[in-house]
Structure formats: structure tokens, C-alpha cells
Amino acid sequence: MTAVTDQKNPTPGAQAIQIDGLRVSFGDFVAIPHLTFIARYGEVHGVIGPNGAGKTTMMDVITGKTKPKKGTVRLDGSIDLLGLDEPTIALAGVGRKFQKPSVFEALSVRENLEIALRLKPRSILAELRNWSDRRRVARVGEVLNEIGLSAQADLSAGVLAHGQKQWLEIGMLLMQRPKLLMLDEPVAGMTDEETSHTADLVRRLRSPERAVLVIEHDMAFVEEIADRVTVLHEGNPIFEGRMEDARQDAQVRAVYLGR
Ligand SMILES: Nc1ncnc2c1ncn2[C@@H]1O[C@H](COP(=O)(O)OP(=O)(O)O)[C@@H](O)[C@H]1O
Ligand SMILES: [Mg+2]
């Protein structure tokens, strides 16, 4: 299985997303006091931490849903996302998967992937100019292979198991070749078998052209997939490094793992 090459190739190891001096508050409550965070191309980066640590808030800031009080958020080393609205941020290369799958149940798996191309907030005409039928079919085939649903391509999405729907939704995001792919608790509600299959899938998502950010409570899952983890506590990054080292870290154990 070959990784799909974008027109513009980011340098592996370069910063896909760079957050500096981020401060987010809701009224008087400071959810994130001062956050610095980097996710790099070619890596799967896990973000863990107890409930209320600020994980979802961080994702909301990156996608433009929540506007911070202070700080910068840069995509690809240059584009400042804070000046952009949600659709423009998505178009710039930020894909986010929510917990609840939102596939079109009446359409086939293949049609769901095709439609994902057109959901880009860019005109369909521009899309048609840029994509020949052959390229479109080839791209859908690649993504079907990547998400492990080639055999289900012509089934309607409605008959898929919960886990398969989640994989299809990841595929819909992949169609748009995101530079940053963010998954919020991708194995919540999955069977053990689906969780292990999802771990395989997420490991295969590692590509020089993208950074993958996974928010997750399931420690064993994070350990299987992540090259690097950041542990958040009350909006502060208290650890960054390998998951196996996080498990040994006294502060991490105190606030999270040891509970
Ligand atoms: N829209 C909001 N209004 C007020 N408080 C919020 C809002 N969103 C999040 N918070 C608070 O910010 C903190 C961080 O929340 P969140 O980012 O959802 O944590 P996590 O995803 O790590 O569980 C929590 O204390 C939460 O109650
Ligand atoms: Mg959350």
C-alpha cells in the first residue's frame, strides 16, 4: 500500500501544527492558561489527560470552533489559523473526525468517499477541472484500500458495523488529503476486535505528508499507535515523549495514570 503523494510535499519531521502561548478562557474560567504544542509530519501524536484537561478545547481552537484570548496556531509552519473561519481552516488541510460517525447511510461506501471530495468548500466546477474521472476512481480505490473496506465498496454504508462506519469516516477525511488529521476518541464504543483493527488503520495513516493527532482515553490504544504523547492537565502540557515513559513519569502518574 503506497502513501498518496500530495502536490506539495511537506518535509517529514517538519511542524504540521505549531501552537504558541495559547490562552483559552470561558468567562472567568481559564481552560488553557499558556499552551505550547507541536505536531510533526510523519508522526502519530497522542493527546491524553484526565477529563477537563483541555484536549477537546485544543482541537476546537485548531479547527476554528473556539477563538482563544491569546496565542498563535500555525499550520505548515506559516498559515496562521486564528485569522481563518472553520471552512477555510478545513480547506487549508485540517481534517477532524468526531466521535459519532456521520456517513450517508443510504449511499454506498464508494459513493460516500466520492461525495467527500465534493464536500470540500470549493466549487464543484473547480473540482471537476482538477479531477479526471480516472483520477477520482483511482483515489477512491486507494482510500478504500487504506481503510480496509475494498470488499464493502458497493454495500450501502447503513449496513456497516459501527467500527466500519468509523473507518469510512476516516476515509472521507483522507479523500481531502489533510495535512493534519485529528481523531477524537476513535475507539470509543468499539469492540476489542474493532479497536485492534483501528489501531492497525491508524498506524497505517502515518505518512510523511500528514500529521495525525489522536485524543484518547484508552491508554493501551495510545501506546499501540502513538510515536509521541502529550499529557495535558488543567490546560498545561505536563509531559511530552513516549507513552512508555509517560507511564513512569511521577507527575503523570499522580494526575492521571495512577488514579
Ligand atoms: N464552552 C465552554 N464553556 C465553559 N467551559 C467550557 C467550555 N468548553 C469547555 N469548558 C471547560 O474547559 C475545560 C476543558 O474542557 P475540555 O477541553 O472539554 O476537556 P477534555 O476534552 O480534556 O475532557 C473543562 O473544565 C470544561 O468544563
Ligand atoms: Mg474531550
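Here is what the cut-offs are and how they apply
- Per chain, residues are indexed from 1 in the order of the written sequence.
- Ligands are numbered from 1 and chains lettered from A, in the order in which they are written.
- Only residues with pLDDT of at least 70 get local features here, since the model is predicted, and only at 80 or more are side-chain atom pairs given and counted; chain-wide, interface and lining totals rely on the full set of residues.
- In computing side-chain values, all of the structure's heavy atoms are included and hydrogens and water are not.
- Interaxial angle, 0 to 180 degrees, is taken between N-to-C directions of lines fitted to C-alpha atoms, where a helix line uses only the stretch in contact.
- Note on conventions: DSSP H or I runs of at least 4 residues are helices, E runs of at least 2 residues are strands, and numbering of each starts at the N terminus.
- Should an angle fall under 35 degrees it is taken as roughly parallel, and over 145 as roughly antiparallel, whereas 65 to 115 is taken as roughly perpendicular and any remaining angle as oblique.
- Contact definition: two residues touch when any of their heavy atoms are within 4.5 Å.
- Residues are sorted three ways: Asp, Glu, Lys and Arg are charged, Ala, Val, Leu, Ile, Met, Phe, Trp, Tyr, Cys and Pro are nonpolar, and all the rest, Gly among them, are polar.
- Proximity is defined per residue: any heavy atom of the residue falling within 4 Å of a molecule or strand makes that residue near it.
- Any pair of nitrogen or oxygen atoms within 3.5 Å is treated as a polar contact; in protein, a donor-acceptor pairing is required on top of that, and neighbouring residues in sequence qualify only through side-chain atoms on both sides.
- Here the accessible surface of atoms and residues is derived via Shrake-Rupley with a 1.4 Å probe, and residues count as covered only by protein chains that are part of the display.
- What makes a salt bridge here is a side-chain nitrogen of Lys or Arg within 4 Å of a carboxyl oxygen of Asp or Glu, nothing more.
- Working definition: with a 1.4 Å probe on protein chains only, accessible area under 20% of the residue-type maximum means buried, over 50% means exposed, and in between means partly exposed.
- The term nonpolar core refers to a set of buried residues drawn from Ala, Val, Leu, Ile, Met, Phe, Trp, Tyr and Cys, joined through side-chain atoms within 4.5 Å.
- Scored from 0 to 100, pLDDT records how confident the predictor is in each individual residue.

**Things to note about the packing of helix α5 (residues 133-147) against helix α7 (residues 192-205)**
Turning to step 1, where the next piece is worked out: At a closest axis distance of 9 Å, the pairing of α5 and α7 adopts a crossing angle of 130 degrees. One finds that α5 runs oblique with respect to α7. Contacts between α5 and α7 involve N145, E146 and I147 on the former and, on the latter, H197, L201, R204 and L205.
Turning to step 2, where the next piece is worked out: Residues belonging to the contact of α5 with α7 are distributed by class as follows: three nonpolar, two polar and two charged.

**Things to note about the site of ligand 1**
Turning to step 1, where the next piece is worked out: In the vicinity of ligand 1, the contacting residues are F26, F29, A31, P50, N51, G52, A53, G54, K55, T56 and T57.
Turning to step 2, where the next piece is worked out: Within the backbone of G52, an N or O atom sits 2.8 Å from an oxygen atom of ligand 1.
Turning to step 3, where the next piece is worked out: Contact distances for ligand 1 include 2.9 Å between an oxygen atom and a side-chain N or O atom of T56.
Turning to step 4, where the next piece is worked out: Look at ligand 1: alone it shows 560 Å² of surface, and the protein chains cover 58% of it.
Turning to step 5, where the next piece is worked out: Those elements that place two or more of their residues in the shell around ligand 1 are β2 (29-40) and α1 (55-63).
Turning to step 6, where the next piece is worked out: The element contributing the most residues to the shell around ligand 1 is α1, with three residues.
Turning to step 7, where the next piece is worked out: Its residues placed into classes, the shell around ligand 1 shows five nonpolar, five polar and one charged.

**Some points on the pattern of salt bridges**
Turning to step 1, where the next piece is worked out: Following the criterion strictly, the structure yields 16 salt bridges and no others.
Turning to step 2, where the next piece is worked out: E224 is the partner of R203 in a salt bridge, and the nearest nitrogen-oxygen pair spans 3.3 Å. In this pair, R203 is assigned in helix α7 and E224 in helix α8 (residues 219-225), connecting sequence segments 21 residues apart.
Turning to step 3, where the next piece is worked out: Take E224: its relative accessible area is 44%, and that puts it in the partly exposed class.
Turning to step 4, where the next piece is worked out: Linked by salt bridges that have partners in common, E43, R228 and E240 make up one network.

**A look at the nonpolar core**
Turning to step 1, where the next piece is worked out: Residues L168 and L205 are the most contacted members of the largest nonpolar core, which totals 46 residues.
Turning to step 2, where the next piece is worked out: When residues in this core are grouped by element, the largest group, six residues, is from helix α6 (residues 162-174).
Turning to step 3, where the next piece is worked out: V61, I62, L81 and A211 belong to the second-largest nonpolar core, a separate cluster that totals 29 residues.

**Some details on the confidence of the model for the protein**
Turning to step 1, where the next piece is worked out: Looking at the protein, the pLDDT average stands at 88 and 90% of residues meet or exceed 70.
Turning to step 2, where the next piece is worked out: Helix α4 (residues 124-130) is the least confidently modelled element of the protein, averaging 58 in pLDDT, while β2 averages 97, the highest of any element.
Turning to step 3, where the next piece is worked out: In this model residues 1-7 is a low-confidence stretch, pLDDT under 50, and it forms 13 contacts with partners more than four residues away in sequence or in other chains.

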